[in-house]
Amino acid sequence: MKLTGAEIIWECLQKEGVDVVFGYPGGAILPTYDAMTKYSKIHHVLVRHEQGATHMADGYARASGRVGVAIATSGPGATNMVTGIATAMMDSSPIVCITGQVGSKAIGTDAFQETDVTGVTLPITKHNYLVTKPGDIARAIREAFYIAQSGRPGPVLVDITKDAQQMTCEFDWEAAAPRLPGYRPTHRAPSSEFARAAELINSAKRPLILAGQGILKSGTTAEVLKLAKTAGIPITTTLLGIGVIPASSPFNLGMMGMHGEAWVNEAIQQADLLIALGMRFDDRVTGNLKTYALNAKKIHVDIDPTEINKNVPVDVALIGDLREVLAEIQPQVKKADHAEWWATINASRGDAAVRDIQSLPDSGHLYAAHVINDLWRLTQKRDTIVVTDVGQHQMWEAQYFRHEKPRSLITSGGLGTMGFALPAAIGAKFACPEKDVWVVVGDGGFQMTSCELATAEQEGIKVNVAIINNSFLGMVRQWQEFFYDKRYAATPMTGPDFVKLAEAYRLKGLRCNKRGDVKATVEKTLAAKETVVIDFVVEKEDSVFPMVPAGADLDKMIRRPKQDVMLESGSDKEWEMPGSTLPNVFAEAKAEAKALNGRGKAARASGPARKTPKSAKSNRR
Amino acid sequence: MAKHTLIAYVEDVPGVLNRVASLFRRRNFNIDSLTVGGTDQPGVSRLTVVVDTTEAGARIVEANLYKLVNVLRVDDLTHKASLTRELGLVKIKVSPETRAQVLQLVEVFRARVVDVDEKTITVEVTGTPEKIAKFELIVRPYGIVEMVRTGAVSMARGHEPVSSAPPLVRTAADHHHDTSGISMSV
Ligand SMILES: Cc1cc2nc3c(=O)[nH]c(=O)nc-3n(C[C@H](O)[C@H](O)[C@H](O)COP(=O)(O)OP(=O)(O)OC[C@H]3O[C@@H](n4cnc5c(N)ncnc54)[C@H](O)[C@@H]3O)c2cc1C
Ligand SMILES: Cc1ncc(C[n+]2csc(CCOP(=O)(O)OP(=O)(O)O)c2C)c(N)n1
Ligand SMILES: [Mg+2]
């Protein structure tokens, strides 16, 4: 069958089972858009910015586990995709980006809207292709889909010249099967390693499972819970692991890391065995590597060999797909309950356990934590996906919204991309139209991609946008408060009237500034047919606790104020800096991490001690 | 830190050298030298990369190389019996008085004179990178007009087993005693 290159693109997408693509047209991709009119089975969503297209493809992929597709033109269209591609790369999200390129004869001439897109995206894609002949399109797209979703997933970009789209050639799907002799998506650890791992698990007194996004990718929630139950092992999750273990499971201690639960970080430092399952020891998870979990042996299960010993040296590495690894290890694990270890952990939970902020009296102030916790309560019975942006609201969501199911939280973890939430939520809604999709976003991040409200309106889809409006780039403000003596450089921020903005897009806008109104606002939102934007006007200078300052020891946390600010706001409350002096948190961490790997300059002696304790924290504006 | 010599077999496709080089930059490793050339198999190129790093660092480099889709196989020759060769061209300043001395040094290093004019002698010297460095050191006092080194190329000696799997997942089965049996068809 003779087809144009453009038609071949759509044939391939159809054969790959694609039902929706997110894109934006332009000169170099125009032949493909023209051919689209013949392929009505694939729905095209016109975005308002190509960054949005990539985040939508990403959100679609994270919600469904299938490959998300984004399309853009050459030059500025393609470079606008960079942030979204890097976001997908960091969090191993399978997306395929198709970009138009100038005609093959014009390549290298600085032609109109020419950019070396494969060059630009080389370090932020799992793989990419420049296709200059129609006959190469099918194989490139097939390989792109295969690479994107196999092994450790990730973004793949296919850059196709305009002439390749226009010329015709024979379309042969079978002949275009992937031929990738050097691609090794998965591996198998030698059985000797399994025996060593089982031995470590069976002899541990204080084991702890670190549950990461790999569990979600491999769909092994049940298998992990079985392992935990057999050997009585507590579980903690990373940010991207939230939801893979139900929040209500008695084995789930909560999140680890920078804004993780204090008792979790303490447990990590006390554990004698860490079983890392599909997580990559991000620096937000480990804090100071020099003092990280020194009492513990480590077993690291990961599909990607480059993750092993990257940040944390491990005792046993089980490289492979979690599903296979867990199936092989489970029969070798002996029953245990570790009652003593559980008692230790439960003791350190103390009064911090179950932050039941619901029972706190209403102080007349609206706190983000309240909004998010109420949102969880009010939507508990519904099938909900929450998509968060980046900042304080993201951490509060992680702490106060209890996720019971995998893929019920979608967030940019590794790259921390502000502006991710709204477009990713639109993508998630296309993947799961039957679910409620909530956006929890800061006033700052919302303004980065709020143009996609128009996309939601044009598509007639409903996402519920909860803006946690603190009139600040809150997370940065918090760092300034803690580490820069409250010099609020460039963090106070104004914005439009979000209610009117929603209305300008012919959507519904609501405002809520009282705790007592949260319920009614959420109910109104759920009842509305269209996308709703809620402006939750919250306390301006609230902070996320606990916090491990970047590069500090994991158990040296800035703790939540003794008396909860949410109880009695407006008065000055002391918050505690960790007891020991902090390292110079902004410079040392990376150098130390590198030195630990033995590849980098030797770590400098830790910098000047920071002033501590800090002055009182004011909650007033 | 020590010099590690890695061999990577790569598919001979556009941009592949860029991918390899970019990897070293991105992962913060310094390349001492990198050479690339053909092999006996069509469509397969061979890279020799010398990188200054620790043992753990070398494993990270190796695993990252394997992760590149166009990389077919990686061998770390650092701790294997291997041959390493480099070629240097050195243009040395000579006068009627020093010409004989320089020629004598060329003889000692088993180098070859490839060009001569009234003011210079150009010498081709092959051997280990250390030998070439030594030659450079010895002739420097006469004045080096121009010099170029190709970078090292390496090869395992004899029937040393080579692995086709990244570190940590290698098993006995991954070590092929007959290297010609490894399929690297593209
Ligand atoms: C403001 C902010 C604050 C943050 N604070 C925290 C914090 O307090 N705590 C925290 O945890 N994070 C925090 N993060 C997120 C953090 O930066 C990382 O993104 C996160 O810790 C990564 O989680 P992960 O390792 O589980 O997931 P990923 O980074 O996705 O890693 C998953 C790992 O699983 C492996 N894998 C994938 N598939 C499989 C499979 N089938 N089988 C086996 N292995 C597989 C992958 O190779 C990879 O190594 C924060 C981010 C931001 C923006
Ligand atoms: C694109 C981008 N630019 C800058 C940052 C740095 N940054 C991280 S959090 C944050 C503040 C976010 O403010 P807002 O969206 O209002 O959320 P809040 O922290 O107030 O909840 C900033 C600027 C980022 N993560 N992403
Ligand atoms: Mg804000």
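Here is what the cut-offs are and how they apply
Along each chain, residue indices are assigned from 1 in the same order as the chain's sequence is written. Chains and ligands are labelled sequentially in the order written, the chains with letters from A and the ligands with numbers from 1. Local features are withheld for residues below a pLDDT of 70 in this predicted model, meaning they are given only at 70 or higher, and side-chain atom pairs are given and counted only at 80 or more; totals for whole chains, interfaces and linings count all residues. Each side-chain value is worked out from all heavy atoms of the structure, with water and hydrogens disregarded. Per the convention used, a helix needs a DSSP run of H or I reaching at least four residues, while a strand needs a run of E reaching at least two, with both numbered from the N terminus. Burial classification: accessible surface area is computed with a 1.4 Å probe over protein chains only, and a residue below 20% of its type maximum counts as buried, one above 50% as exposed, and the rest as partly exposed. Residue contacts are defined here by distance: any two heavy atoms, one from each residue, within 4.5 Å place the two residues in contact. Surface accessibility in these figures is a Shrake-Rupley result with a 1.4 Å probe; residues are shielded only by whichever protein chains are displayed. A pair of strands is considered paired only if DSSP assigns at least 2 bridges between the two. To get an axis, fit a line to the C-alpha atoms, keeping to the stretch in contact for a helix; angles then go from 0 to 180 degrees between the N-to-C directions. The salt bridge criterion pairs a side-chain nitrogen of Lys or Arg with a carboxyl oxygen of Asp or Glu, the two atoms within 4 Å. Nitrogen and oxygen atoms within 3.5 Å of one another constitute a polar contact, given that in protein one can donate a hydrogen and the other can accept it, and given that sequence-neighbouring residues count only through two side-chain atoms. By nonpolar core we mean a set of buried residues, namely Ala, Val, Leu, Ile, Met, Phe, Trp, Tyr and Cys, connected to one another through side-chain atoms within 4.5 Å.

A. Broad picture of the overall build of chain B. A count of helices and strands for chain B gives 4 helices and 11 strands. Looking at chain B as a whole, 44% of its 186 residues are labelled buried. Nonlocal contacts in chain B, meaning residues at least 24 apart in sequence, comprise 71% of its contacts between residues at least 6 apart. Total accessible area on chain B stands at roughly 9,500 Å², and carbon and sulfur atoms take up 54% of it.

B. Looking closely at the sheet that holds strand β19 (residues 508-512) of chain A. All names here are of chain A. If you trace the 6 strands from one edge of the open sheet to the other, you get β16-β15-β17-β18-β20-β19, paired in parallel fashion. The open sheet terminates on both sides in strands that have one partner only, identified here as β16 (409-411) and β19. Strand-to-strand, the axes of this sheet are offset by a mean angle of 20°, without reference to chain direction. Where β19 lies against strand β20 (residues 532-537), 5 bridges are found, and the strand directions are parallel. Among the inter-strand pairings, Arg 511 is bridged to a residue of β20, identified as Asp 535. This element, helix α18 (residues 421-431), spans β15 (384-388), β16, β17 (436-442) and β18 (464-469) of the sheet and lies at about 175° to β17. Each of β17, β18, β19 and β20 is contacted by helix α23 (residues 518-527), which is oriented at about 170° to β19, the strand it contacts most.

C. Quick peek at the interface of chain B and chain A. With 33 residues of chain B in contact, the opposing surface of chain A contributes 28 residues. One can count 1 salt bridge joining chain B with chain A. Notably, a salt bridge pairs B:Lys67 with A:Asp304, separated by 2.7 Å at the nearest N-O pair. Taken together, chain B and chain A are joined by 5 residue pairs in polar contact (both at pLDDT 80 or more).

D. The sheet that holds strand β2 (residues 31-38) of chain B, seen in detail. All names here are of chain B. Taken in spatial order, the 4 strands line up as β2-β3-β1-β4 in an open sheet, and their pairing is antiparallel. Single-partner strands in this sheet number two, and they are β2 and β4 (71-76). Looking at each pair of strands side by side, their axes are set apart by 20° on average, direction ignored. Bridge analysis of strand β1 (residues 2-11) against strand β3 (residues 44-53) gives 10 bridges, and the strand direction is antiparallel.

E. Fine view of the nonpolar core. Grouped together as the largest cluster of nonpolar side chains are 60 residues, with contacts concentrated most on A:Leu210, A:Ile268, A:Tyr292, A:Ile299 and A:Leu318. If we skip the residues at most four places from it in the chain, A:Ile268 touches A:Leu208, A:Leu210, A:Met256, A:Leu274, A:Tyr292, A:Ala293 and A:Leu554.

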